[in-house]
Every structure is written in structure tokens, then in C-alpha cells.
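# Architecture and fold: a report
Below, each chain spelled out in residue letters.
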2 protein chains.
Amino acid sequence: MHCELIAVGNELLTGRIVDTDSALIARRLAQIGIRVNRVVSVGDEVEFIQQALAESLVRSRLIFITGGLGPTSDDRTREAVAGLLNRQLVKDKDTLNKIQRLFQKRGTLMPKLAEKQAVIPANALIFENPVGMVPGMALEHQGSLIILLPGVPQELEALLDGAIVGFLKKRFSTEVFHQALIRTFSLVESQIAPKIERCLKDFSDVRVGYYPSVAGLDLIFTGPDQNSLKRCVQTVVRLLGRNVYTLEEKNLAEVVGELLRRQGLTVATAESCTGGLVGDLITGIPGSSDYYLGGVIAYANEVKQNLLGVSSVTLKKYGAVSSQTVGEMLRGVINITGADCAVAISGIAGPGGGTRMKPVGLVYIGTQVRKRIFIQKQLFSGTRELIKERAAWSALNQLRQLLIVPPGMKKIETKRQ
Amino acid sequence: MHCELIAVGNELLTGRIVDTDSALIARRLAQIGIRVNRVVSVGDEVEFIQQALAESLVRSRLIFITGGLGPTSDDRTREAVAGLLNRQLVKDKDTLNKIQRLFQKRGTLMPKLAEKQAVIPANALIFENPVGMVPGMALEHQGSLIILLPGVPQELEALLDGAIVGFLKKRFSTEVFHQALIRTFSLVESQIAPKIERCLKDFSDVRVGYYPSVAGLDLIFTGPDQNSLKRCVQTVVRLLGRNVYTLEEKNLAEVVGELLRRQGLTVATAESCTGGLVGDLITGIPGSSDYYLGGVIAYANEVKQNLLGVSSVTLKKYGAVSSQTVGEMLRGVINITGADCAVAISGIAGPGGGTRMKPVGLVYIGTQVRKRIFIQKQLFSGTRELIKERAAWSALNQLRQLLIVPPGMKKIETKRQ
């Protein structure tokens with residue numbers, strides 16, 4: 001089935017507002033197995049709305065239009081749709097009564113302008129809005145279903161979850177597909193893709209998409225058969241091993257937090273070049289105060305010495321960006337906070353400050369879980385912001401790896417490179 | 001001029017990713033006076049990309065296509081565009097060399113698959129990507145200009161700001177408006193807009209756009225006459241007073257950094273609920289090591305006591321979220337780092353942990369510049385992430401205000417509320 005979404009509003013075309021409405025509709029539709037084929041944003045003018053709808057009608061059996069249903073003069077979606085489909089615009093009595101009641105509740109009379117929100121194209125099916133005035137509407141037109149929804153995100157969500165999704169599920173129940181997620185870290189798309197494509201040869205009905213970001217590489221698998229999809233995901237997870245950090249919608253900070261909580265461990269941070277970003281990511285997770293104690297942002301060398309006890313000899317001999325300094329930062333932050341685990345980072349975020357021996361992007365990342373220590377030298381590329389982000393997410397992944405190593409595994413312990 | 005944006009990627013059609021790329025392009029284009037008429041998202045298939053591009057070519061003189069330029073089999077934008085325009089696909093030598101160098105830097109050989117990222121449609125103009133592998137490309141086709149850009153937001157932004165916006169400004173210079181920026185903090189759009197619209201009555205050729213974000217409210221003024229625009233901006237700046245923090249493309253962290261550097265002052269941070277975010281924002285600015293010493297992330301009360309010297313009596317009597325605790329955090333972090341200035345924050349980011357007396361969103365922000373101290377109670381709304389961000393940006397603004405107060409102005413000193 002072909003499905004298209006049309007978002008109406010000048011604010012979308014100036015970039016003032018990001019079109020989260022269409023993403024929300026697409027997610028809800030994906031959950032009931034309806035795939036969106038195209039999303040279009042157009043301005044408030046009747047002509048542009050009609051042009052987009054006319055094009056979609058040629059291709060689609062299901063069309064959503066969001067926005068342009070408010071009371072003011074720039075809200076012209078009703079007019080555009082009714083005009084194109086040759087329908088009358090009529091006042092819906094139930095909706096009008098409801099709007100009047102809402103104004104009464106606020107203690108004011110309904111302004112004349114608000115009546116417009118009760119106007120609907122003739123013969124539309126009405127879905128009551130649980131949190132606002134403008135109802136959802138569904139129109140049948142030559143084998144296509146057109147659904148009009150308000151653009152206010154909260155109202156849109158309430159309408160979708162209240163009645164629209166259920167209505168569509170019933171109506172299109174025969175045509176669904178499933179999806180599954182694998183989140184990975186340290187993998188490069190171009191290196192891993194050929195191996196995954198080979199796996200997929202055994203699952204001809206499954207398709208894969210690659211979604212790289214600074215927080216890792218996500219793989220999304222889709223297919224019509226839930227069993228086949230499940231077996232495919234199991235195969236790929238075996239292939240990728242420890243690089244897979246979750247199959248759920250969680251980031252690395254949340255996964256690390258769960259490992260710490262499950263093992264009853266606390267953690268502290270000692271950050272130089274990331275400047276507090278690791279702490280920010282860890283504390284982005286609700287309930288992180290259960291395992292995160294805090295730490296030190298040791299930006300100046302004096303702070304590394306005075307707060308963390310990094311020795312001046314080490315700083316002089318090896319420099320602030322060295323495995324030796326990071327090792328002492330780990331020891332220092334565990335000493336002063338009493339945490340079971342720690343992350344320490346020192347590096348050169350740039351754009352200045354690099355040398356031939358220690359270029360911009362060079363970062364030492366240290367992680368410690370009880371007595372086990374792992375310090376790794378990394379070289380990141382990109383802007384100052386990207387280097388900070390790459391270092392921070394890598395540090396969380398390194399801590400995760402150390403938290404899942406079985407205690408008997410000595411190989412990784414106290415390794416310095 | 002008619003301009004359209006095409007975003008390519010199945011992830012946009014499943015709602016997994018919100019199309020922030022198109023909003024970013026639209027904002028940058030608006031700044032050089034180019035209005036976007038339509039935004040379209042389509043899936044990864046060659047057929048759908050070609051269909052969208054063919055439609056846009058009929059209407060538009062300027063078309064952006066983002067995404068689908070990666071190395072894997074689902075990246076098919078090149079192929080689609082070259083096919084539709086009847087162009088060869090060729091390997092660009094400079095880009096290939098650059099990609100090889102990037103892999104060398106990572107210490108690995110370039111995989112065969114990565115070569116695809118150096119493939120371009122013949123006769124395309126190349127824009128080097130400052131932070132990634134895939135370059136931007138511009139193609140002339142029957143009077144229309146088609147620009148292909150990678151979908152990774154950081155790469156897109158770097159390419160736009162690095163060369164593309166300048167290139168377009170020059171090319172479409174006769175149709176371009178002048179623009180001016182005013183960046184403000186603590187202002188609410190709906191309250192300030194009527195006052196600004198009144199100002200604008202004297203400048204009938206100037207238009208204003210409002211761009212609110214968690215980092216402040218930006219006002220962008222556009223008009224055909226540079227002098228009129230300049231006078232208009234001066235009038236509005238007088239109206240908004242100290243809420244204006246810059247007229248340039250700088251954020252509050254950069255403005256605060258400049259004030260510190262100019263006054264020869266250093267700063268340290270003591271963060272509880274923001275968990276390192278203030279440090280992260282400050283160290284986002286190149287050269288921040290000139291004035292930022294570091295600080296403490298005092299998430300657990302034990303860290304507040306042991307590292308910052310907050311007294312157990314204060315914590316017991318007033319709680320961790322109180323002006324008293326924040327006052328002692330300021331004193332503590334200045335004591336241990338020797339900084340001239342400090343920021344201290346304690347609050348409840350939620351979603352749990354709130355009470356009737358101390359609800360989620362309650363945050364105390366303390367700032368100190370030498371002997372002058374200002375502690376403010378704030379109540380922020382939104383998600384955990386938003387509360388953290390609002391608190392961090394507010395803290396920077398509060399420090400800015402204290403840095404620009406003339407030394408003789410006693411009123412604001414040592415105020416606690």
C-alpha cells in the first residue's frame with residue numbers, strides 16, 4: 001500500500017519548526033506495519049496544499065495532512081481539501097458545542113473566529129480531539145483515505161493514540177511488516193556491511209538499513225515474517241559479538257548505567273578535554289544518581305595536580321595527554337570519591353594545541369572497574385565538538401566492555417598502549 | 001525563485017529520524033534571502049529519488065538533495081541523480097586520496113566499499129567536506145542548480161557554513177536580502193513580539209523572524225536596504241537592553257569567554273543536576289583553556305561535602321537543592337581551584353525526586369565574580385534533558401550579567417532569594 005504524509009505550514013519551510021509531526025505519524029504507522037512512501041511539507045497557501053494533495057492522490061491509498069486547521073486566516077487546509085475534492089464545508093454541531101463548552105470552562109465567551117474550528121468537509125468521519133478543539137477528520141475519495149489532523153504535536157499524538165491508529169489497524173490489517181534494531185559501537189559501516197549482506201542471503205525477505213551517528217552505528221532490519229526476522233537478527237548479533245550493545249531503544253549511557261546498577265557498582269569521572277560531557281551523558285539517564293557519584297573536570301594542569309593528585313613529574317615527563325597522566329587521574333578520582341569504577345580522559349580537542357607527536361584528535365581514555373584498568377590511545381577526526389563527542393561515547397563503550405569482561409579474563413587487565 | 005529540498009532515507013519514512021537536515025538548510029537559506037517552497041522525504045530506492053527530483057526540476061531553479069551518499073548498498077542518491085540527468089559516474093581523484101588518508105590516519109586500510117564515497121556525477125562542482133568523507137556536489141542542469149549533500153547533520157552543517165552558503169549567496173546575489181541577527185536570552189516570544197512589531201512600523205521594508213531555542217531567542221531581520229536594516233536593529237537593541245547578548249553568530253559560552261578573557265579572569269564550575277553540561281558548553285569554545293580551570297561534578301552529597309566542603313549541617317537543614325548549598329558550592333570550588341569566578345548549580349532534573357515544596361524543575365543557580373555573588377532560584381519546565389539544558393544556559397547568562405555589571409553597582413551584590 002502506498003501512503004504519503006503532507007505537512008502544511010510556512011514555519012516548516014523557513015526551518016523555524018522541525019517537522020516532528022510526520023515522524024510521529026510514521027512511527028505509529030510503522031508499528032502497525034504501514035510504511036510511509038513520501039513526506040511533503042508545503043506552505044500555507046491553498047494552491048500549494050491542493051497541488052501536493054492532487055499529486056498524492058494519484059499514487060496513494062492513504063494520505064495524512066497535518067496543520068492548517070486552526071482559527072486564523074493562514075489556516076487554509078479545510079478550504080484547500082474541500083475545494084479539490086468538490087465538497088461543501090459544513091459546521092459540525094457536536095464539535096461546535098464542545099468548543100463552546102471549552103470556552104465556558106475558561107470563563108470566556110467563544111470568539112466568532114473560533115467557530116471556524118468546527119467547520120468540516122461534508123461527509124467526513126469525525127474523531128474527537130481529547131486535548132484540543134479541532135477534531136481529526138477522515139475522508140473517502142475514489143478509493144483513497146485522506147486523514148486531516150491538527151499540527152499541534154500533543155493534539156496530534158492524542159488523536160493518533162486515541163482512535164486513529166486503531167481505526168487504521170482494523171482497516172488495513174492484512175498488509176503489515178515487522179522491524180528489529182541492533183545498536184553497535186566501534187564498527188565502520190563500509191567494513192561491516194559486506195559481511196552483513198552475506199548473512200542476509202539466507203533471509204531473502206529481510207532488508208537492512210545502516211544509521212551511523214557519533215553515538216554508534218544502528219542497524220534496522222525489516223521484513224514481513226517475524227520468525228525469519230528474529231533468526232536473522234540472532235545471526236547478525238553472533239557475527240558482531242561484543243560490538244552490539246543493545247537491541248532496544250537505549251543509548252550507551254543507559255546500557256552502562258544498567259550494568260553498574262546490576263553489579264551494585266558506583267562510578268566517577270575525571271575529564272580533561274571532554275570538559276564534563278561524559279558526566280552530562282551519564283546524568284542524562286533518569287535515576288543515574290543511584291550509581292554516579294560525580295567527579296572532577298580537570299581542565300587546567302593545576303586542577304589535575306591539586307584535586308586529582310597527578311604528579312608534577314608525570315605531567316612534565318609524559319605531558320597531560322599521556323597514558324601515565326590518565327592512569328593517575330583514574331587513581332585520583334577513585335581516591336577522592338570512593339567510587340568502584342572510573343572514567344578518565346585527556347586529549348587534544350583542537351583546533352589549536354596539536355603538535356606532530358601529539359596531533360589534534362589524540363585522546364587517551366582510561367577506564368577502571370574495581371582493580372581492573374584499561375587505558376587506550378585513540379585518534380579521532382573532525383571538529384572540536386565531534387572529537388569531544390567521539391571521545392565521550394568511546395569512553396562509555398570502553399567502560400561497558402570492561403563491565404562485561406568475565407572477572408577471570410586477565411588479558412585485558414592493566415593493559416597500556 | 002522556486003527552491004525545493006529532497007531528503008533521502010528510509011529512516012525518515014519510518015519516523016526513526018526526524019528530518020532536521022531540511023530545517024537546517026531552510027534556516028541557512030532564509031538567512032541569505034532564499035525561501036524554500038517545498039520539502040520532500042523519500043525512501044532509498046532509485047525510482048523514488050528520481051521521481052521526486054524529476055518533479056522538482058519542473059518547478060525549481062534550486063534543489064537540495066540530502067542523504068543516500070554513504071558507501072553501502074542502500075546509498076543510491078548518486079546513481080539516481082546521474083541516471084536521471086544522463087551523466088556518467090566518475091571517481092574523483094582528490095576525494096579518493098583524502099578518504100585513503102583518513103583511513104591511514106585511523107591505522108587501517110581503506111576497504112573497497114569506501115571508494116564509492118569518491119564517486120561523483122561527471123562535471124559536478126566539488127565542495128570538500130571538512131569533517132567527513134563524502135564531499136558536497138553541485139550540478140547544473142537546464143537552468144536549475146542541484147546540490148547533493150551528505151545526511152549526517154554535522155557534515156551537512158560544516159559543508160553549508162564552510163562553502164555552500166557563500167557560493168549560493170554570490171550566485172543569487174541579485175535576489176538576496178540583507179540580514180541582521182540579534183541574540184537574546186530570558187525573553188518570551190509572545191511577550192516581546194508585539195513590542196518589536198511596533199518598532200518595525202517605522203521600518204516598513206524590514207521583516208523579522210523569531211527563532212526560539214533552549215540557548216535563547218534569536219531575532220533575524222531581513223530587508224533590501226542595509227541602512228534601514230541597521231537603524232532598525234539599533235532601535236530594537238535599545239528596546240531589549242541587557243537581554244541582548246550578541247549581534248554575531250556566537251553562543252553564550254563564547255560571549256562569556258570573551259568577557260572573561262578581556263577582564264583577565266578565570267572561572268571554575270561546581271555542578272550537581274547539570275552533571276557537567278556547563279563545563280561541556282564552556283569547553284566547546286576553542287581556547288577556553290585560557291580562562292576555564294575546571295571544576296567538580298558534585299552529584300552525590302558526599303562529593304559536595306568531601307570535595308567542595310559543603311557542610312553536613314547545611315545539607316541537612318536546607319537540603320542539597322537550596323541557595324545555602326549553592327552558596328557553599330561556589331565558595332568551595334573557588335577555594336580548591338583558585339579561580340576568580342565560579343558557577344554553581346543544584347536542582348531537580350526529574351522525572352523523579354520532586355516534592356510539593358521542591359518540585360521537578362526547581363534549580364538554584366549561583367554565580368560569583370571576585371567578591372560579587374548572585375544566587376537565583378529558577379523553575380524550569382520540560383523533560384530531564386530540557387531542564388538540564390535550560391539550567392546550564394541560564395547559568396551562563398547569569399554569569400554574563402554579573403560580568404557586565406559595573407563594579408560600583410551594589411544592588412545586585414550578594415543577593416539571595
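Residues numbered from 1 in each chain as written. Chains lettered and ligands numbered in written order. Predicted model: local features only at pLDDT ≥ 70, side-chain atom pairs only at ≥ 80, totals over all residues. Heavy atoms only, no water.

### Quick word on the side chain of A:Ser228
Test applied: Here a helix means four or more residues in a row that DSSP labels H or I, a strand means two or more in a row labelled E, and each is numbered from the N terminus. Residue contacts follow a heavy-atom distance rule, with two residues in contact if any of their heavy atoms lie within 4.5 Å.
With respect to the element layout, A:Ser228 can be found in helix H8 (residues 226-240). If sequence neighbours within four positions are ignored, A:Ser228 has contacts with A:Phe203, A:Asp205 and A:Val206.

### Digging into the packing of helix H3 (residues 46-59) of chain A against helix H3 (residues 46-59) of chain B
So the rule is basically this: As a rule, the C-alpha atoms of each element are fitted with a line to give its axis, helices using only the stretch in contact, and angles between N-to-C directions run from 0 to 180 degrees. Note: crossing handedness is left-handed where the near helix turns anticlockwise from the far helix by less than a right angle, and right-handed where it turns clockwise. The classification used treats Ala, Val, Leu, Ile, Met, Phe, Trp, Tyr, Cys and Pro as nonpolar, Asp, Glu, Lys and Arg as charged, and all other residues, Gly among them, as polar.
Here H3(A) crosses H3(B) at 150 degrees, and the two axes come no closer than 14 Å. The way H3(A) lies across H3(B) gives a crossing that is right-handed. Touching A:Gln51, A:Glu55 and A:Arg59 of H3(A) are B:Gln51, B:Glu55 and B:Arg59, all from H3(B). Taken together, the residues of the contact of H3(A) with H3(B) sort by class into no nonpolar, two polar and four charged.

### Digging into the sheet that holds strand E12 (residues 244-246) of chain B
Sheets are built from strands paired through backbone hydrogen bonds, the pairs being either parallel or antiparallel. All names here are of chain B. This is how the line gets drawn: Two strands are counted as paired when DSSP detects at least two bridges linking them.
Overall, antiparallel pairing links the four strands, which are arranged E10-E11-E9-E12 in an open sheet. Unpaired on one side and paired on the other, strand E10 (207-213) and E12 mark the two borders of the sheet. Strand-to-strand twist across the sheet, computed as the mean angle between neighbouring axes with direction ignored, equals 35 degrees. Judged from the two bridges that link them, strand E9 (residues 178-184) and E12 form a sheet pairing that is antiparallel. When the bridges of E12 are listed, arginine 183 appears paired with threonine 246.

### Topic: empty space enclosed by the protein
Put simply, the rule reads: Here a cavity means grid points, on a 1 Å grid over the protein atoms only, where a 1.4 Å probe fits yet cannot get out; a pocket means an open set of points with protein on both sides within 12 Å along at least five of seven lines; lining residues are those with an atom within 4 Å of a point. Grid points are joined across faces, edges and corners, and a volume is the space filled by probe spheres set on the points.
Within the structure shown, the criterion is met by two cavities of 30 Å³ or more. Taken as a whole, the largest cavity holds about 170 Å³ of empty space. For the largest cavity, the lining is made up of 16 residues, of which A:Asp19, A:Ser41, B:Asp19, B:Val39 and B:Ser41 are closest to its centre. Listing elements by their share of the lining of the largest cavity, those giving two or more residues are helix H2 (20-31) and strand E2 (38-42) of chain A together with helix H2 (20-31) and strand E2 (38-42) of chain B. Its residues assigned to classes, the lining of the largest cavity shows 10 nonpolar, four polar and two charged. Taken as a whole, the second largest cavity holds about 40 Å³ of empty space.

### A word on the nonpolar core
Keep this limit in mind: Grouping buried Ala, Val, Leu, Ile, Met, Phe, Trp, Tyr and Cys residues that are joined through side-chain atoms within 4.5 Å yields what is termed a nonpolar core. The buried label applies to any residue whose accessible area, calculated with a 1.4 Å probe on protein chains only, is under 20% of its type's maximum; exposed applies above 50%, and partly exposed to all values in between.
A:Leu403 and B:Leu403 are the most contacted members of the largest nonpolar core, which totals 82 residues. For this core, the element with the most residues is helix H14 (residues 384-404) of chain A, which contributes 10 residues. Ignoring sequence-local partners within four residues, the contact set of B:Leu403 consists of B:Val256, B:Leu259, B:Leu260, B:Gln263, B:Leu265, B:Cys341 and B:Val369. Judged by nonpolar contacts, the second largest core, of 51 residues, contains A:Leu362, B:Ala298, B:Ala300 and B:Leu315.

### Looking at the packing of aromatic side chains
Selection criterion: Two aromatic rings from Phe, Tyr or Trp, using only the six-membered ring of Trp, form a pair when their centres are within 6.5 Å; if the ring planes differ by under 30 degrees the pair is stacked, by over 60 it is edge-to-face, and anything between is tilted. We count a charge as sitting over a ring when the NZ of a lysine or the CZ of an arginine lies within 6 Å of the ring centre and within 35 degrees of the ring normal.
Scanning all chains against the criterion turns up four aromatic pairs over all chains. Seen in terms of ring centroids, A:Tyr292 and B:Tyr299 are 5.5 Å apart; in terms of plane orientation they differ by 55 degrees. Their pairing is tilted. In this pair, A:Tyr292 sits in strand E14 (residues 292-298) while B:Tyr299 sits in the loop between strand E14 (292-298) and helix H11 (301-308), so the two residues belong to two different chains. Take A:Tyr292 and B:Tyr299: they sit in the same class, and that class is buried. One residue, B:Arg106, lies across the ring of B:Phe103, its end atom 5.2 Å from the ring centre.

### With respect to the UniProt feature "domain: MoaB/Mog" (unreviewed entry) in chain A
Inclusion rule: UniProt positions are given in the numbering used here, feature names are shortened, and annotations may be inferred rather than shown by experiment.
Under the UniProt annotation, "domain: MoaB/Mog" (unreviewed entry) lies at residues 4-171 of chain A. Measuring from the first to the last C-alpha atom of residues 4-171 of chain A gives 17 Å, for a span that is 43% helix and 21% strand.

### Concerning helix H14 (residues 384-404) of chain B
An α-helical turn contains 3.6 residues, so a residue and the one three or four places further along point in the same direction. For clarity, the threshold we go by: Residue count minus one, scaled by 1.5 Å, sets the expected span of a helix.
Between its first and last C-alpha, H14(B) extends 31 Å over 21 residues, near the 30 Å set by a 1.5 Å rise per residue. A large share of H14(B) lies buried, amounting to 16 of its 21 residues.

### Side note on the interface of chain B and chain A
Condition: For any pair of parts, buried area is found by adding up, for both, the accessible area (1.4 Å probe) each one loses once the two are put together. Every case where a carboxyl oxygen of Asp or Glu lies within 4 Å of a side-chain nitrogen of Lys or Arg is listed as a salt bridge. Here a polar contact is recorded for every N or O atom pair within 3.5 Å, except that within protein the pair must consist of a potential hydrogen donor and a potential acceptor, and residues adjacent in sequence are included only if both atoms are side-chain atoms.
On the side of chain A, 83 residues touch chain B, which itself brings 79 residues to the contact. Summed over both sides, the interface between chain B and chain A buries roughly 6100 Å², with carbon and sulfur atoms accounting for 54% of that surface. It is B:Leu13, B:Arg16 and B:Arg38 that lose the most area in chain B upon contact with chain A, and together they represent 11% of the buried surface on that side. In this structure, the connection of chain B to chain A is made through 11 salt bridges. Notably, a salt bridge pairs A:Glu55 with B:Arg59, separated by 3.1 Å at the nearest N-O pair. The interface formed by chain B and chain A contains 37 residue pairs in polar contact (both at pLDDT 80 or more). Looking at which element gives the most residues to the side of chain B that touches chain A, the answer is E14(B), with seven residues. When its residues are assigned to classes, the side of chain B that touches chain A shows 36 nonpolar, 25 polar and 18 charged. Of the pairings in the sheet, the one linking E2(A) to E2(B) comprises five bridges and is antiparallel in character.

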